[in-house]
Amino acid sequence: MNLVSNPNIRHLQKFTFSGFESNYFNLRVFRSLNNDLPDASDLRDFCFTEKADLIRMKIDITHEEYINMTLFEAKFPFFYSHSVMTVFADYRYDSIPDYKNKFLSFERYSGGADKMRFRNLVLHGMGDDPIGYYKTPLINDFISKQKEAQCYADYYAQLYDGRHRDKIAFIMKKAGDDVGVFVFELQGKDTINTSMAAVLPAYRSSGLFHDMKVFRQRFCVESGITKAYAGFRLNNFNTPNSLLKIGYKIVMGEHVFHIAPLLNKQKSPSSY
């Protein structure tokens with residue numbers, strides 16, 4: 001008997017095969033395409049059909065009452081990773097703040113000779129806590145923190161190298177020195193999202209994260225983009241303050257779970 005009776009649950013969750021991560025980690029990795037909570041039997045059937053090793057699932061916090069029971073009923077190991085808030089700004093009405101730092105410049109990344117440079121900036125800027133697989137029991141038997149950080153850096157260096165019009169990346173410099181990196185995803189003609197932004201550890205607490213947001217707003221205004229989204233982890237206490245102070249509003253919250261069936265790697269169907 002299904003113990004979960006939330007009438008708002010959509011009973012078919014869509015997932016996408018994460019080819020980049022799968023090849024990098026030698027696991028069959030999937031990610032959810034939306035943040036709905038799936039039906040337990042649908043999730044279980046999907047895992048067996050696809051011989052999934054790992055599913056990274058985002059679930060809207062409005063489903064919080066039912067999450068643990070649903071994942072428990074799917075009968076695969078699952079682990080809470082972290083929570084994410086999405087913020088939104090409407091640049092039609094927001095004034096543009098001043099930069100806090102002087103001698104700033106922003107260099108558009110286009111791959112080529114700068115690929116390793118960009119990759120290493122992402123690695124050093126995000127390597128302290130990249131994706132979160134390395135903290136997950138069972139999965140960390142296969143994915144170390146170093147391997148995960150390298151995958152994260154290689155992904156952005158490869159996918160944001162100027163070949164895709166909707167994926168843009170910049171290197172931030174201060175007085176000629178590289179101090180950070182960030183990316184934009186364009187969505188239609190008037191919307192932008194930022195999935196990764198990092199200031200190098202040696203340059204943090206100097207207002208550079210604020211300056212990244214100022215540049216983004218100027219870029220959007222000059223490009224006719226009015227809607228801007230960004231996400232941050234709840235365990236990052238500095239980011240939300242910086243964003244909310246310059247006009248961003250929280251519009252969505254999500255919990256991230258890692259499901260670890262390991263059906264292709266080591267577990268047999270009879271194990272479950």
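Residues numbered from 1 in each chain as written. Predicted model: local features only at pLDDT ≥ 70, side-chain atom pairs only at ≥ 80, totals over all residues. Heavy atoms only, no water.

**So, the overall build of the protein chain**
Regarding its fold elements, the protein chain presents seven helices and 11 strands. Taking 19 Å as the expected radius of gyration for a compact globule of 272 residues, we find that the protein chain reaches 20 Å, a close match to that expectation. Seen through its principal axes, the protein chain has C-alpha atoms that stretch 60 × 40 × 30 Å. Sequence separation of at least 24 residues holds for 73% of the intrachain contacts in the protein chain that already meet a minimum separation of 6. If you sum the accessible surface of the protein chain, you get close to 13,700 Å²; carbon and sulfur atoms cover 50% of it. Here the protein chain holds 35 positive side-chain charges and 30 negative ones, and the gap between their average locations is 3 Å. (Helix = DSSP H or I, 4+ residues; strand = E, 2+ residues; numbered from the N terminus. Rg over C-alpha atoms; globule rule 2.2 N^0.38 Å. Contact = heavy atoms within 4.5 Å. Areas by Shrake-Rupley, 256 points an atom, 1.4 Å probe, with all protein chains shown as cover. Lys, Arg positive; Asp, Glu negative; His and termini not counted. Charge placed at Lys NZ, Arg CZ, Asp CG, Glu CD.)

**Observations concerning the packing of helix α4 (residues 115-126) against helix α5 (residues 145-159)**
The contact between α4 and α5 brings their axes to 8 Å, and the two run at 140 degrees. The angle between the axes of α4 and α5 places the two elements in the oblique class. As for the relative orientation of α4 and α5, their crossing is right-handed in sense. Here α4 contributes Lys115, Phe118, Arg119, Val122, Leu123 and Met126 to the contact with α5, which in turn contributes Ala149, Gln150, Tyr152, Ala153, Asp154, Tyr156, Ala157 and Gln158. Split by residue class, the contact of α4 with α5 holds nine nonpolar, two polar and three charged. (Axes fitted to C-alpha atoms, helices over the stretch in contact; angles between N-to-C directions. Parallel < 35°, antiparallel > 145°, perpendicular 65-115°, else oblique. Left-handed = near helix turned anticlockwise from the far one by under 90°. Nonpolar A, V, L, I, M, F, W, Y, C, P; charged D, E, K, R; others polar.)

**Comments concerning unusual backbone geometry**
Backbone geometry at Asn26 places phi at a positive 60 degrees, although glycine is not the residue there. On the secondary structure map, Asn26 appears in the loop between α1 (19-25) and β2 (29-32). Look at Asn26 and you get exposed, because its relative accessible area is 54%. (Buried < 20%, exposed > 50% of the residue type's maximum accessible area, 1.4 Å probe, protein only.)

**Observations concerning the pairing of strand β10 (residues 227-233)**
Sheet topology places strand β4 (residues 78-90) next to β10; seven bridges connect them, and they run antiparallel. Bridge assignment links Val84 to a residue of β10, and that residue is Arg233. Bridging between strand β8 (residues 191-194) and β10 involves four bridges; their strand directions are parallel. Residue pairing for β10: Asn193 is matched across the bridge by Tyr229. (Pairing = 2+ DSSP bridges.)

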